[in-house]
Each structure stands twice: as structure tokens, then as C-alpha cells.
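# Examining the three-dimensional arrangement
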Amino acid sequence: MLSSIPRISKSKGHGAAELLSLYRISSDQLSIIREFSDEALPKIDVSLDHFYDWMAEHPDLMSFFHSQDALTHVREMQRLYWKRFMLADVTEDYLLDRRRIGIVHARIGLPVMFYMAGVSMVYNELIAMGKELVSNHAKASELGNCMADLLHLDAALICQAFVDKRDELLNEQSQAVMAMSTPVTEIWEGILLLPIVGLVDSKRSEEIMNAVLSSIKNTKAKEFILDISGVGVVDTAVANYLINISKATALMGCRATISGISPAISKTIIQLGIDITGVNTTSTMMDALSRAFENRGLALKSGKKGRKS
Amino acid sequence: MELKRADREDSRQSSLSSVRDHLIVNLPDNFDDHDLGALEEQVLSRLSLNKRIRGVIIDFANVQSTDADDLSRLQNCLLAVRLLGRSVALCGINPGVAAVIIRTGQDLHRDLVGQDINDVLQKV
């Protein structure tokens, strides 16, 4: 039973032959659609009129077209799409064309719900056209099945491209957020500062560790301040992550200080019995900065401009 | 062919040198059990012959990756150094190696850590 399932490579771009096999679309079926195209193509515009009349009844759908020009352009693209569908020449270029539509849908944020409603509408139009043009009931039914199979393949290609593009966009956003959430900054020569805000989990702690260790390597910093005043919850796991970051920086010859430890966090650490031996801590970032300057042999001095008379 | 193999093996060996009263060991990248066995023999032999050596500095600068087994073997080697009454200093640890050391919970019996040889020599 399993051996009858077509083998599909795991890469995103499945080939035309692979997909036709997966969707059980034979060359005979494609020929049936192609034969129908001679009579159907002249009627495309009537069906498109029905499609756009249906769209006009749904303001939510129409909201994706910002002008009449855009609507005209999309209608022309759709006319080409239907024409290509009826010519049923499923090549690599055909697949690429369908995937492009999915990418556009992802870019404009067209919900799959709306797209599938459109697919349903197209299907009904095609079936109606088939019934009108093919008098033999059995042949019309066979044509309907062939078109349904190819339409399923088209819809799957478009949805898959939509999902892939959305994943890509989410991944890009996630990386941007991550870069913003670990702003390791060299605030003075040899002194790095990283204020952490929000929740810390194992993935984030690993990313923080990588960012910090790379910065130490690049800047040859001798002091690193990890300010946790913005961390909402410190439990055993979070404390261990922070301690590991501190220990890893020490291995690179950089002294770490965890600042922003509130009385509540300090009580939690004691209650949980977390071993913080060898970890430098301060209650405020100011204390940690002052200590780091001291360790670097620097002293802060008030100038005249800073004094109030 | 034989010559090339010998060269490769030479380049993989840990090199030993002395600065002031410290023995400096440059670890090769991807050091293995065989490298550490040879290293241990050489270091302990030098320490037993030269009583003026106060400590050993392990330079990781060439090490881009390692694993728990090799670190554990290195840890035992450094424990032997400590048992001979000498200090252990580490330097040149790369971010990836630091992360592995932390993940595997090894402390490598170190007395101090520096960014490079000069940093360690300043601290000792």
C-alpha cells in the first residue's frame, strides 16, 4: 500500500512530473481539458464578469484593490491565469507562475479563506461552462473531474507558496526582534552592557550567550554588565541561564556583573537555593558601571558644568 | 606521502614553550585523546624536571571546536598539574568553545582566565 504513494522530494520546489503523479493527473486528463479550451476560451470574459460581480458583493474582498486600475490589472492577470489553466500545459514554468500568485497573496495579506472562496467560485464557473459546452452528460462529468483535479493542484501550489512566504517573513521579523532584544553595546572601551527586557527562555538565553561571547571576542572587553531590571520573572531556569552566561564570559577573560537584582529577585534566588558563587551582582546598573570603571582604573569626576550653584 | 603525514601530525601536536616561570601549551584545533595523552606526558615531565615552573597556561586560540569527551580528558590532565602544586590558567577561548565548556559543566581546574597570553601573564 505504502509503495503506491509517489515519492516526493523534501525540497520546496517539487517538479511538474512529481506533482502530477501526486495529484493523480494523467496526460489524458490534461488532454481532455485542452480539447475543451477551444470552445471555452472565447467564453472566459463572461465567466470573469460573473466572478467580479460576485466579488463586488463582498466589500472585504474588494478592500484588497486600492483603485480601479489595480482591479483592471488583476482581472487581466486572472484572464491569463484561466487561459493557461485551460491550455493545461503543466510545465515547470506553469508551477512557477502559480507559486508567484501565492507569494503575491502573502505580500498583500490576502486571507486563505478569501482565496479559497475565489477558488470555489472559479470551480462553479468552470463546471457551468462545461455543462453548457459539452452536451454529453458523462463527458461533461469527466471534464469536471479533470478540471477539479488540476484546480486542486493549482490551489495547493498557491497555498504552499503563501505559507512558505509567510514563514519567510515571520522568520525575518523574528530575527529582527532577536537582534533588537540583545543589544550588546560597548559603552566604554573594554566595557560591554546588555540590558535584558522581557522573558528569558532557553532559546533566548542561548542567543544572548552567542551575542555576548561574539562581542567579547570582537571588542576584547574586560567587563560585561548584564542588567536584568527589565526581566519579569526569575525562576530556577532563568537564574541558571544568567549564571551560565556569566560563567561563559569569565572563560573568555571578561568579568561579568549581573545588575538590577531587586530585593524580590534576591529573595527568590535564596529561596530556590541557587548557587551564585563566583557571580558578581549589584542592585543597580549604576553600581555595576561604577564597579566596572573602577576595575578598568577609571574614575568618574564631577565637572564644574555639572554642579548647581 | 609519508612526509606529508608526518608534517600534519607535527602541526597537530600541542606546542610547549616557557615564558618567565610559566609553561605555555598551545592546543591544536580538534585536539583528541591521542593529542592529550602526549600533552600530559610532556607537561608532567617538564614540571617534574623544572621545579621553578609555577604554573601552566593553556592557550585555546587555535581551538575552534571541541566536545565533552575531550574536555573531560583535558580536565583530568589539568587536575594532574594541580596535584603537582602548579596553577592552571586558560586563555584564548573562542565563543563556541566557551559555550561547550559551560554546557558540559567542566571547570577545567582553572585558577584564572585571560583573553590571551599577555593578559594571563599580567594577571599572574
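This section reports on the structure supplied with the text. Computed from a prediction, not measured in an experiment: that's the story for all the values here.

In many analyses, interface size is given as the accessible surface area lost on bringing the parts together. Contacts between the two partners involve 14 residues from chain B and, on the opposite side, 15 residues from chain A. The junction of chain B with chain A conceals about 1,200 Å² of combined surface from both sides, 63% of it contributed by carbon and sulfur atoms. Summed over the three residues of chain B that lose the most area to chain A, namely P95, I102 and Q115 of chain B, the buried surface amounts to 49% of that side. A salt bridge links K222 of chain A to D119 of chain B; the shortest N-O distance between them is 3.2 Å. Between chain B and chain A we count four residue pairs in polar contact (both at pLDDT 80 or more) in total. Looking at the side of chain B that touches chain A element by element, the count peaks at five residues for helix α4 (residues 95-104) of chain B.

Residues and elements named next belong to chain A. Scanning the entire structure with this criterion turns up four aromatic pairs over all chains. Residues F51 and Y52 carry aromatic rings whose centres are separated by 5.5 Å and whose planes lie at 65° to one another, so their mutual orientation is edge-to-face. For F51, a relative accessible area of 5% puts it in the buried group. Seen in terms of ring centroids, W188 and F293 are 5.5 Å apart; in terms of plane orientation they differ by 90°. Their pairing is edge-to-face. Of this pair, W188 sits in strand β1 (residues 185-188) while F293 sits in helix α12 (residues 285-295), and the two are 105 residues apart along the sequence. Note on W188: relative accessible area 45%, which makes it partly exposed. An aromatic cluster is built from F51, Y52 and W54, whose rings are joined through pairwise contacts. A cation over an aromatic ring shows up here: R98 above the ring of Y94, its NZ or CZ 4.0 Å from the ring centre.

Definitions and limits used
- Residues numbered from 1 in each chain as written.
- Chains lettered and ligands numbered in written order.
- Predicted model: local features only at pLDDT ≥ 70, side-chain atom pairs only at ≥ 80, totals over all residues.
- Heavy atoms only, no water.
- Contact = heavy atoms within 4.5 Å.
- Buried area = accessible area lost by both parts, 1.4 Å probe.
- Salt bridge = Lys/Arg side-chain N within 4 Å of Asp/Glu carboxyl O.
- Polar contact = N/O pair within 3.5 Å; in protein donor to acceptor, adjacent residues only side chain to side chain.
- Helix = DSSP H or I, 4+ residues; strand = E, 2+ residues; numbered from the N terminus.
- Phe/Tyr/Trp six-rings, centres within 6.5 Å; stacked < 30°, edge-to-face > 60°.
- Buried < 20%, exposed > 50% of the residue type's maximum accessible area, 1.4 Å probe, protein only.
- Lys NZ or Arg CZ within 6 Å of the ring centre and 35° of its normal.

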